[in-house]
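So the chains spell out like this:
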Amino acid sequence: MRWHQAMERALYGADGFFVSGAGPAAHFRTSVHASPVFSGALLRLIHHLDEVLGFPSVFDVVDVGAGRGELLRSLSVGVGVSGEPTRSGRSGLIPARAGSPETPTTTATVRPSPVNPLTITTGYGDESCASDLAAGAPVPLAERVRFTAVEVAPRPDDLPEQIAWTDRIPAGVTGLLLATEWLDNVPLDLAVHTQHGWHYLLVDPTSGEETIGEPVGRADLDWLSTWWPISATTRLAATTRPGSTGQQSANAATDVAFPPATAPDPGSSTGSGFRAARPAQGSSLTARSRSGCPETPTDHARVEIGRTRDEAWADAVGHVERGLALAVDYGHLRAERPVDGTLTGYRAGRQVPPVPDGSCDVTAHVAMDSVAAAGERVARCAYLLGSQRDGLRALGADGGRPPLSLAVSDPAGYVRALAAASAAAELTDAAGLGGHLWLWQPVGLSADRLPVGCAGPIDTAAPS
């Protein structure tokens, strides 16, 4: 079957990876799982938007691809809707390690900034990230906020009742729609270029073995020509390399099989020079920030057709009546598309071959500029595109070291602030999670109402 069909069944079928089992947090690390710094920054964004929108009677916070509700649990605590405690170092999102303390902790310290009006001056003590920017609101945000998790998995038994659970994005959203590492799991097709043009790749869902299928359809071909151009040199190499698919005839091409992906020995390296993303300190889970799988064959020009991601994001943005749609994902831009794609898998904290049998996460990086253009057409408002490093720093999480003077005046506070700064540094590390892209798509708002400095100097111009 084509890859998008295999991914749909493997990830979202009755026994799919995201539907059954312990949930994504048991298999890989995201920014949500890594540190309460992330949810603390989003909480400040929520207060900012609430004020910009004029304190609406209902402020929506919608999390698309909510996992088991980890992010909304944390945000509901911060807003004051839920009474759940925030646990040490893990924001109550995943169980603490054996022997670790179960003491509540505050979120990361926020540094004051003379140029960013969104930054909260909290010092380096015990202040909570729930400082209310909306102090002038006639009704407290906790009484107006509405949390909605959008996920195909069943509702967790322990999810606070204040969080709604649905498998459809609600219409008429006023507030914030979040999509953190959702688009990379929207199923998509893969294709290879032969001497007869682009052809879909077919995959055996039980083994991961690939064969070449029918020619790429018109809509997907248009997307490729616009958003994933490849050089003439790459095309020539794909069609003339010894043993490559380009040497086959049009009929024989459909019978060519690529070798199946084989799982690496957990105790050995892959021998390919590939290295998975560095797990964060204190966690055995791999962050999904590196592309490709070492066992995926790369002796042909492979591409990932992102049209389905464009359509999914455009549909999500279309459900926002007024506010902001924010997508956070690892991705790439038109000028730097990866030569052989990024498809890979994750299971139990390790990167594995992307066999779409439901036993592992199957994911590919997002063509963020294409997605952005699709959302802009629906929202009719200019978007901003920047790194996670830019976004978190604009929201006050800069990873800066607290002043040494605090170590004298408040030693315990200094230790807490230093730990918070370390957590923020992990999330803003450009070589890891900090390299994720943040797509800011306002709806009914101008981009200048967004946090100052939230997007860096990334070329977001769509091709003519």
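Calculation rules
Along each chain, the written sequence defines residue order, and numbers are assigned to residues from 1. Note on the predicted model: pLDDT of at least 70 is required for a residue's local features to be given, and 80 or more for side-chain atom pairs to be given and counted; whole-chain, interface and lining totals, by contrast, use all residues. With hydrogens and water excluded, all non-hydrogen atoms of the structure serve as input to the side-chain values. pLDDT: the predictor's confidence for each residue, scored from 0 to 100. Strands here mean DSSP runs of E at least two residues long; helices mean DSSP runs of H or I at least four residues long; both are numbered from the N terminus. Only heavy atoms matter for contacts: two residues are in contact if any of them lie within 4.5 Å across the pair. Salt bridges are defined as contacts in which a side-chain nitrogen from Lys or Arg sits within 4 Å of a carboxyl oxygen from Asp or Glu. Using a 1.4 Å probe on the protein chains alone, a residue whose accessible area is under 20% of its type maximum counts as buried, one over 50% counts as exposed, and one in between counts as partly exposed. Two strands qualify as a pair provided DSSP detects at least 2 bridges between them. To get an axis, fit a line to the C-alpha atoms, keeping to the stretch in contact for a helix; angles then go from 0 to 180 degrees between the N-to-C directions. When we speak of the arc, we mean the arc of directions from the helix axis to the C-beta atoms. Aromatic pairs are defined between Phe, Tyr and Trp rings, using the six-membered ring for Trp, whenever the two ring centres lie within 6.5 Å; interplanar angles under 30 degrees are classed as stacked, those over 60 as edge-to-face, and all others as tilted. A ring is scored as having a charge over it whenever the NZ atom of a lysine or the CZ atom of an arginine sits within 6 Å of its centre and within 35 degrees of its normal.

### Things to note about the confidence of the model for the protein chain
Turning to step 1, where the next piece is worked out: Of the residues in the protein chain, 65% reach a pLDDT of 70 or more, and the chain-wide mean stands at 75.
Turning to step 2, where the next piece is worked out: Taking the mean pLDDT of every element in the protein chain, the minimum, 47, falls on helix H7 (residues 232-240) and the maximum, 98, on helix H8 (residues 307-318).
Turning to step 3, where the next piece is worked out: The low-confidence segment residues 239-285 (pLDDT under 50) makes 89 contacts with residues lying over four places distant or belonging to another chain.
Turning to step 4, where the next piece is worked out: For the stretch residues 293-299, pLDDT sits under 50, and the model shows 22 contacts to residues farther than four places along the chain or on other chains.

### A word on the pattern of salt bridges
Turning to step 1, where the next piece is worked out: Counting across every chain of the model gives 11 salt bridges.
Turning to step 2, where the next piece is worked out: Of the charged contacts, one joins Arg146 and Asp60 as a salt bridge, the two residues approaching to 2.6 Å between their closest N and O atoms. One end of the pair, Arg146, is in strand S2 (residues 145-150); the other, Asp60, is in strand S1 (residues 59-64), and 86 residues separate them in sequence.
Turning to step 3, where the next piece is worked out: Accessibility expressed as a relative area gives 4% for Asp60, which makes it buried.
Turning to step 4, where the next piece is worked out: Arg307 serves as the salt-bridge partner of Glu311, at 2.8 Å between the closest nitrogen and oxygen. With Glu311 and Arg307 both in helix H8 and four residues apart, this pair spans about one turn of that helix.
Turning to step 5, where the next piece is worked out: Where salt bridges share partners, they join Arg2, Asp189 and Glu214 into one cluster.

### A word on the sheet that holds strand S11 (residues 344-347)
Turning to step 1, where the next piece is worked out: Within the open sheet, the three strands sit side by side as S12-S11-S13. Their pairing is antiparallel. Each end of this open sheet is capped by a strand with a single partner; those strands are strand S12 (350-352) and strand S13 (361-363). Recorded for the sheet is a direction-independent mean angle of 35° between the axes of neighbouring strands.

### Describing helix H6 (residues 218-227)
Each turn of an α-helix holds 3.6 residues, which means side chains three or four residues apart point in the same direction.
Turning to step 1, where the next piece is worked out: Looking at H6, one finds that the buried residues are Asp220, Trp223, Leu224 and Trp227. End-on view of H6: buried residues confined to an arc of 100°, all on one side of the axis. Exposed and oriented more than 90 degrees from the buried face of H6 are Arg218 and Ser225.
Turning to step 2, where the next piece is worked out: Buried-residue contacts for H6 involve strand S5 (189-194), strand S6 (197-203), strand S8 (302-305), H8, strand S14 (366-367) and helix H9 (368-379).

### Details of the packing of aromatic side chains
Turning to step 1, where the next piece is worked out: Taken as a whole and assessed by the stated rule, the structure comprises four aromatic pairs.
Turning to step 2, where the next piece is worked out: Ring centres of Phe38 and Trp438 lie 6.0 Å apart, and the angle between their planes is 80°; this geometry places the pair in the edge-to-face category. With Phe38 in helix H3 (residues 36-52) and Trp438 in strand S16 (residues 437-443), this residue pair connects regions lying 400 residues apart in the sequence. Like Phe38, the residue Trp438 is buried in the burial classification.
Turning to step 3, where the next piece is worked out: Through a chain of ring-to-ring contacts, the aromatic side chains of Tyr12, Phe17 and Phe18 assemble into a single cluster.
Turning to step 4, where the next piece is worked out: A cation sits over an aromatic face here: Arg2 above Tyr200, 3.8 Å from the ring centre.

### What to know about the sheet that holds S6
Turning to step 1, where the next piece is worked out: Pairing in this open sheet of four strands is antiparallel, and the strands run S7-S6-S5-S8 from one edge to the other. Whereas interior strands pair on both sides, the edge strands pair on one side only; in this sheet they are strand S7 (210-215) and S8. The mean inter-strand angle of the sheet, taken between neighbouring strand axes irrespective of direction, is 45°.
Turning to step 2, where the next piece is worked out: The pairing of S5 with S6 spans four bridges and is classified as antiparallel.

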